[in-house]
Structures are given as C-alpha cells and as structure tokens.
Amino acid sequence: MLKKFVRSLLCLLVAMYCIGSVTYAASDDITGHWSEPYFRSLSAHGVINPNGKGQFTPTTAISRAEFMRYINRAFGFTEEADISKYKDVPKDQWYYQSVRVAVKYGYISGISATQMAPEQEITREQAITILGRLCKVDVGTVKPSQLKFSDRSKISTWSAPYIKWGLDNGYIAGYTNNTFQPTRSVTRGEAAKILYFFTGTILNQEGASYNSTSLNRDTKNVTVSAPASLTGITVPGNLYLSEGLKQDTVTLDHVTVKGRLVVAGGNVQLNNVQAGGLYISSPFTGREIKVTSAGMTSIAQVTTATTAQLVQTNLQAGAEGF
C-alpha cells in the first residue's frame, strides 16, 4: 500500500513538473530569436524586464516612455524634474516618473513646449539622437543630403548628424534596400540591440571591483553607473562614467581607454590611466565633477563642457597627467 502511494505521489510530481516546464516554454518568446542575447544581458542588469507573462515581445514597437525607462535603468538615473509644463503626462500613469527622470537628465525634449507624447512610438531617428546626446558627442554639421540613403529627404535636419555618428560607430544601420526609414518605429528587439552595443559592458554593482574578466567579448564600450573600482582593464571603445554616479567615487587603476573617457558624474581617481581624450560634462549646476590623476596617468586631450576640478598628484616621471 505504501509503495503504491509513493508511486502515485512521484507520478503527480512529475506531471506537475512537466506542466510547469511547458508553461515556461510557452511564455518564453525570445529563445532562438536574433535578439535573445541582447535581452538576456540587459535583463540581467535590470534594464529590460519581461512582462507579467514572462515575455519580452521583441517584435512589438515601443513608446517614447518605454525607451526613457530603459535609458534611466541602464545609466542609473534616478533624480526627477518638474514636468508640469507637459500636459500629456498625467501623474497617475506608469510613465510619469520615467518622464520626470528623463527630463532631469536632459537627454530628451518634448515634441512641443507642452507635449511630451510619452505614448507615441519612438522612431529610429529619435532613438539615435537620444544616444548621441547621452554620449556627449560633438556631431558637427551634417545635412540629410550628405547621407547615402535613398530616402535621405525624409531624415530630419536635427537628426542627420546623430544618424551619421550612429552609423560610423555601428549602433544603427540602414536597410538592404538602401533606405534608413527615419520615422519607422523601433521594436523592443531593435531597442535591446542598440542599447546593448551602445552601453557595452554595464558595471552597476555598488562597491564592486572589476577586472578584464568582467567585460563583454562582443562589445567595445563600458558604462559605469555605481561606485566601483576597475583594475587592469583595456576598454576598446568608450568608458562612460554616468551621471547616475552623482558624486560617488570611481577608481581606475592601470586602465587603458582606446576611445574616449567620458565623465558625466562622480569623484574619479585615475591611477596609471592611459586615454586619448577625457571629456567632462555634467547636466547638474553646482555639482562639480572632480578628477584626480596620479602615477603614470597620461591623458592626451581634456575637454570640460561644465565646471570641473582637475587635480594632479604624485605623478611619476614621464607621465603627462592632463
């Protein structure tokens, strides 16, 4: 009798396990999809999460507000601005806080003085313009007519420089029929891919120590949004110290940056750091960024777009400092 009961119980447990497995498999909509690695990585960092059904819906177009939410999470943005001038952002909507944060960090503008259009689907040219603003790039003057696409006449004047920058850096691409389709809506899968390569390796664990094993193998950039230390790392692209750091400390020791070292927040200690360019820019008035160089640190060119404190101390013979 006991053996029969145990066999029945085991059968019941196996059946429950199988049902659970089938339910999970049915809800998983990215396994085997081209966007899977991007979603897996961004989800692990809390940037893009699945919906209540466990799905990422990679082919669904996303709204401007959703893109803001992803940006805020990726860069550790949390501070909020007054957005009362935007009459289409009700306080009782889920995106109210996301818009407040986005406006505070200054990377997005409304479609008019009083309209943010948070529920409107974000377009390709809007998305790449936002990323260019975040990267603090000087995109220069580029006219739509200078771009190679057959539909260049549809590209807005304000987005053309950022589109060229995005193309040059591989963050976005045109289509096989030689069009760019600037007003085409961005899908969730496309957004995941763009953010994955733009942010590169996301380092957002407070107080963590990172080394070369911490970096992605298929991306060039590194984004730091929490106080941490980086040791013995070569960054193939840009190293971005996010505004989300506020005035927390980031220490770089024996770090080489092949692209630009962008400091938008934090109290930064550079020990034996090599970089071709250091760009400092903070959106916050009265929050001074401090960067200290020591050891064999050599920065070829320094650009400060906002007030900053640059300190050189204990530099070794032969070091150029700033």
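The structure this text deals with has already been given above.
Computed from a predicted structure; not experimentally measured. (Residues numbered from 1 in each chain as written. Predicted model: local features only at pLDDT ≥ 70, side-chain atom pairs only at ≥ 80, totals over all residues. Heavy atoms only, no water.)

Describing the overall build of the protein chain
Helices and strands together make up the secondary structure of the protein chain, namely seven helices and 11 strands. Dimensions of the protein chain, computed from the C-alpha atoms along their principal axes, are close to 85 × 50 × 45 Å. Considering the protein chain as a whole, with its 322 residues, one finds that 47% of them fall into the buried category. Expressed as a percentage of contacts within the protein chain between residues at least 6 apart in sequence, the contacts between residues at least 24 apart total 48%. Considering the protein chain, the positive charge centre built from 31 side chains and the negative charge centre built from 23 side chains are found 5 Å apart. (Helix = DSSP H or I, 4+ residues; strand = E, 2+ residues; numbered from the N terminus. Buried < 20%, exposed > 50% of the residue type's maximum accessible area, 1.4 Å probe, protein only. Contact = heavy atoms within 4.5 Å. Lys, Arg positive; Asp, Glu negative; His and termini not counted. Charge placed at Lys NZ, Arg CZ, Asp CG, Glu CD.)

A word on helix H7 (residues 188-199)
Think of an α-helix as 3.6 residues a turn; residues three or four steps apart then line up on the same face. Between its terminal C-alpha atoms H7 stretches 16 Å, which fits the 16 Å expected from 12 residues at 1.5 Å a residue. Taking burial as the measure, the 12 residues of H7 include 10 buried ones, the bulk of the element. Within the sequence span of H7, burial applies to Arg 188, Gly 189, Glu 190, Ala 191, Ala 192, Ile 194, Leu 195, Tyr 196, Phe 198 and Thr 199. Taken together, the buried residues of H7 touch helix H2 (36-44), helix H3 (64-75), helix H5 (124-134), helix H6 (160-168), strand S1 (201-203) and strand S3 (222-224). Gly 200, located one to two residues past H7, shows a positive phi value of around 70°. (Expected span 1.5 Å × (residues − 1).)

Some remarks on H2
Every buried residue of H2 is accounted for by Tyr 38, Phe 39 and Leu 42. Down the axis of H2, the smallest arc covering the buried residues is 95°, so these residues share one side. At its buried positions, H2 is contacted by H7 and S1. Downstream of H2 by one or two residues, Gly 46 has phi in the positive range, about 75°. (Arc of directions from axis to C-beta.)

What to know about the nonpolar core
By size, the foremost hydrophobic cluster in this structure holds 59 residues, and its most contacted members are Ile 71, Phe 77, Tyr 107, Leu 131 and Leu 134. The biggest single contributor to this core is H3, with seven residues. (Core = buried A, V, L, I, M, F, W, Y, C linked by side-chain atoms within 4.5 Å.)

A closer look at the side chain of Glu 66
For Glu 66, the position within the fold is in helix H3. One polar contact links the side chain of Glu 66 to the main-chain amide nitrogen of Ser 63, over a distance of 2.8 Å. In this structure, Glu 66 is in contact with Ala 61, Trp 94 and Arg 188, ignoring residues within four places of it in sequence. (Polar contact = N/O pair within 3.5 Å; in protein donor to acceptor, adjacent residues only side chain to side chain.)

Description of the pairing of strand S4 (residues 228-235)
Of the strand pairs in this sheet, strand S2 (residues 208-210) and S4 are connected by three bridges, and their pairing is parallel. Bridging from a neighbouring strand, Ser 209 pairs with Ser 229 of S4. Pairing of S4 with strand S6 (residues 249-263), which is carried by seven bridges, proceeds in the parallel orientation. Pairing of Ile 233 across the sheet is with Val 255, part of S6. (Pairing = 2+ DSSP bridges.)

Quick notes on the pattern of salt bridges
Inspection of every chain in the model, using the stated rule, returns seven salt bridges. In this structure, the salt-bridge partner of Glu 36 is Arg 40, at a minimum N-O distance of 3.3 Å. Highlighted residues: Glu 36 and Arg 40, both in helix H2, separated by four residues, approximately one helical turn. What makes Arg 40 partly exposed here is its relative accessible area of 34%. (Salt bridge = Lys/Arg side-chain N within 4 Å of Asp/Glu carboxyl O.)

Notes on the packing of aromatic side chains
Under the definition given, this model contains 16 aromatic pairs. For Arg 124, the ring lying beneath its charged end belongs to Phe 180, and the centroid distance is 4.3 Å. Taking NZ or CZ as reference, Arg 260 lies 4.9 Å from the ring centre of Tyr 279, over its face. (Phe/Tyr/Trp six-rings, centres within 6.5 Å; stacked < 30°, edge-to-face > 60°. Lys NZ or Arg CZ within 6 Å of the ring centre and 35° of its normal.)

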